[in-house]
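Listed below are the residues making up each chain.
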Amino acid sequence: MEYMILIAETVAHEQYAPGTAEFEQYMGAWMAYNQSLMDGGNFIGGGRLQPGDTATTIRRSGGADTLIDGPFVESKEQLGGYYLITATDLDEALRLAAAMPIDDAALEVRPLAFRSESL
Amino acid sequence: MADVREAVTRLAREQSGRVLALLAARFGDLDLADEAVQDALLAASQWKHVPDNPPAWLYTVARNNAIDRLRRAAVERRRLLAAAPDLTARKPFGDPEHDATEEEPMVVEHSEVGDEQLRLMLLCCHPALDRDTQVALTLRLVGGLSTPEIAAAFLLPEATLAQRIVRAKRKIRDAGIPLSIPQRLDDRVQALLTVLYLVFNEGYLARGGAPGIRIDLVDEAIRLTRQAAELLPDSAEVEGLLALELFTHARSEARFAAGELVLLDAQDRSRWDARLIASGDAVLARALRRMTPGPFQLQAIIAAYHAKARTSAETDWHAIVRTYDQLVVMMPSPVVELNRAVAVSMVEGPEAGLRLLDTISGLDEYYLYWAVRGELLSRADRPEGALLAMERALTQATNPAELQHLRGRLAAFGERVKP
């Protein structure tokens, strides 16, 4: 089955300058995580989003579009990124999501109904 | 007719979970298995007489129902395929054509059945389902209770409960919650035990409310816990829970007199069920021999000390306090600390208990905290404080029998305050 892991961050993560030890450690953990997803044949895709204040939302109601400067839901948690993975079942998907090297976050794991490329 | 009805009820309670577990594992489809079993039970309700071997009958009829459903679905798919080959070109999941129709020997190895049943129990208590859903699903699928029966037992509208179960089954299917023995079995068993204990408590506290109307959740919980103990033969905590339930249930009859709640120390101990206590003793002894202590075993030990005391005055409160000391370490919670404070007050006096109560936080909204405080203040000869505490307890309690008891205590305290 295919699952989307939506990463909602409760606090903005630290920004480390490239070249510093902290940056290396931070990036190293994510690279290792990505690699483990690939090695296990679980990785389909993933990405990190720019912060929520760069978002533009088109709200369509009754055929009329309104542009909103910001994400579609204002909350303390911000959608920060996603992974698209394949897993045997929810238990495996949850295990993979839980292995993510992230401190404070809500990770929503949701099955895909279908994906256009795989039809 | 009454015989048939009783036999069908027993079949549903005792066998439908097992048959459902087998079919769900065999066809890899919980929903299909559930519908097949429900159809079979419906057919059983039309029996003119009870067949020789009802469990075998249920298995065969339910299995045939499942195969019929799969055949019909396959025919429908072929029809669609012929009409629009492009749309249905992909092979659907769980193609039933291969294995569903072949005959399978009726006799199933017992160990195998146990494994399927355990999977079903653990599935119903999967952490991806919320607690209320776990409870409803366990009673419905493992316990073989009908949706109206569960709704009535929890005093919920039938539609709410039906919706809860439909949603749960959909989530199990669509989110891919597996019917498998998990890697981290201990955590999952813990969730199962929590659910069973919740069912037990719901049944126990409701007793005396409306006798005879609601399904007896106490019996169901004990039955399911016994089943879980058979399926998890190495788990001391399952036996601990079973023993705790048996000891507690043994006191059921004495808990009410003339429709009123009677607390432990005032209960007529001759009305305690000696058979249940003996059976609790045996189960607890078996658990303790495994040398893997746990919170349910400790609570069962405490219940056993109470069961052993022939009169309230004979209670070994020192031993009970020692057990609570361990329980507080193993399962730190303000409710456990509250119970420990009561035990300490029985050894060292009410003031000692009150001092402990002052150190407990997080129970401001819990009626038993205030009821205990009221009783301890009363014993410490401080009736004004007792009255205030009991008034506060009354605003927080919800169970009718407990409310009535608290009102009685409040009146008694009021008498003492009068000049």
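Turning to the overall build of chain A, a few remarks are in order. Looking only at helices and strands, chain A has two helices and six strands in total. Taken from N to C terminus, the helices and strands of chain A fall in the order β-α-β-β-β-β-α-β. By principal-axis analysis of the C-alpha atoms, chain A measures approximately 45 × 40 × 20 Å. Within chain A, the proportion of its 119 residues that are buried is 25%. Within the structure as shown, chain A displays about 8,000 Å² of accessible surface, and the carbon and sulfur contribution to it stands at 55%. For chain A, the distance from the average position of its 7 positive side-chain charges to the average position of its 18 negative side-chain charges is 9 Å.

A few words now on the domain arrangement of chain B. Where the parts come together, the accessible area they lose is often given as the size of the interface. All names here are of chain B. Under the domain assignment, chain B is made up of domain 1 (1-89), domain 2 (115-233) and domain 3 (235-304). Averaged C-alpha coordinates put domain 1 and domain 2 at centres separated by 21 Å. Across the salt bridge formed by K169 and D34, the nearest N and O atoms sit 2.5 Å from each other. Linking domain 1 with domain 2 are six residue pairs in polar contact (both at pLDDT 80 or more). Of all the secondary structure elements, the ones that give two or more residues to the side of domain 1 that touches domain 2 are α1 (2-27) and α2 (30-44). The element that contributes the greatest number of residues to the side of domain 1 that touches domain 2 is α1, accounting for 11 residues. Taken together, the residues of the side of domain 1 that touches domain 2 sort by class into seven nonpolar, three polar and five charged.

Right, let's get into the pattern of salt bridges. Applying the stated criterion to the full structure yields 29 salt bridges over all chains. A salt bridge links A:E2 to A:R115; the shortest N-O distance between them is 2.7 Å. Here A:R115 lies in the segment after β6 (105-111) and A:E2 lies in strand β1 (residues 2-9), a separation of 113 residues in the sequence. Look at A:R115 and you get buried, because its relative accessible area is 15%. A salt bridge links B:R119 to B:E116; its shortest N-O distance comes to 3.8 Å. Note that B:R119 and B:E116 are positioned in helix α4 (residues 110-124) at a spacing of three residues, about one turn of the helix.

Before going further, it helps to spend a moment on the interface of chain B and chain A. Of the residues lining the interface, 10 residues belong to chain B; the matching set on chain A comes to 10 residues. Interface area, chain B with chain A, both sides summed: about 710 Å², of which 56% is carbon and sulfur. The salt bridge partner of A:D91 is B:R188, with a shortest N-O separation of 3.8 Å. Counting the contacts that link chain B with chain A gives three residue pairs in polar contact (both at pLDDT 80 or more). Here the residues of the side of chain B that touches chain A sort into four nonpolar, three polar and three charged.

Residue and element names in this part refer to chain A. Read from one edge of the open sheet, four strands run β2-β5-β1-β6, paired in antiparallel fashion. For this open sheet the edge positions go to β2 (43-48) and β6, each flanked by a neighbour on one side alone. Across the sheet, the mean angle separating the axes of adjacent strands is 15° when strand polarity is ignored. Judged from the eight bridges that link them, β1 and strand β5 (residues 78-86) form a sheet pairing that is antiparallel. Among the inter-strand pairings, Y3 is bridged to a residue of β5, identified as I85. Against the sheet, helix α1 (residues 21-39) engages β1, β2 and β5, with an angle of about 30° to β5. Where helix α2 (residues 90-98) meets the sheet, its contacts fall on β1, β5 and β6, and the angle it forms with β6 comes to roughly 155°.

Our focus in this paragraph is the packing of aromatic side chains. Tallied over the entire structure, the rule returns 11 aromatic pairs over all chains. Between B:Y197 and B:F296 the ring centres are 5.4 Å apart and the planes differ by 80°, which places this aromatic pair in the edge-to-face class. Taken together, the residues span a long stretch of sequence, with B:Y197 in helix α8 (residues 185-206) and B:F296 in helix α12 (residues 295-308) at a distance of 99 residues. Put simply, the rings of A:W30, A:Y33, A:F43 and A:Y83 touch in pairs and so form one group of aromatic residues.

Turning our attention to α2(A). When α2(A) is considered as a whole, its buried residues turn out to be A:L90, A:D91, A:E92, A:A93, A:L96 and A:A97. Contact partners of the buried residues in α2(A): β1, α1, β5 and β6 of chain A together with α8 of chain B. You can read the cap of α2(A) off the contacts: a side-chain oxygen lies 3.1 Å from the backbone nitrogen of A:D91, and it is on A:D89.

Here we take up the packing of helix α15 (residues 350-359) of chain B against helix α16 (residues 367-379) of chain B. Residues and elements named next belong to chain B. Two elements in contact, α15 and α16, have axes whose closest approach is 9 Å; the angle formed by their N-to-C orientations is 150°. The interaxial crossing formed by α15 with α16 has left-handed handedness. In this structure, α15 contributes P350, G353, L354, L357 and D358 to the contact, and α16 contributes Y369, V372, R373, L376, L377 and R379. A class-by-class count of the residues in the contact of α15 with α16 yields seven nonpolar, one polar and three charged.

About the cut-offs
- Residues numbered from 1 in each chain as written.
- Chains lettered and ligands numbered in written order.
- Predicted model: local features only at pLDDT ≥ 70, side-chain atom pairs only at ≥ 80, totals over all residues.
- Heavy atoms only, no water.
- Helix = DSSP H or I, 4+ residues; strand = E, 2+ residues; numbered from the N terminus.
- Buried < 20%, exposed > 50% of the residue type's maximum accessible area, 1.4 Å probe, protein only.
- Areas by Shrake-Rupley, 256 points an atom, 1.4 Å probe, with all protein chains shown as cover.
- Lys, Arg positive; Asp, Glu negative; His and termini not counted.
- Charge placed at Lys NZ, Arg CZ, Asp CG, Glu CD.
- Domains from an automatic or database assignment.
- Salt bridge = Lys/Arg side-chain N within 4 Å of Asp/Glu carboxyl O.
- Polar contact = N/O pair within 3.5 Å; in protein donor to acceptor, adjacent residues only side chain to side chain.
- Nonpolar A, V, L, I, M, F, W, Y, C, P; charged D, E, K, R; others polar.
- Contact = heavy atoms within 4.5 Å.
- Buried area = accessible area lost by both parts, 1.4 Å probe.
- Pairing = 2+ DSSP bridges.
- Axes fitted to C-alpha atoms, helices over the stretch in contact; angles between N-to-C directions.
- Phe/Tyr/Trp six-rings, centres within 6.5 Å; stacked < 30°, edge-to-face > 60°.
- Left-handed = near helix turned anticlockwise from the far one by under 90°.

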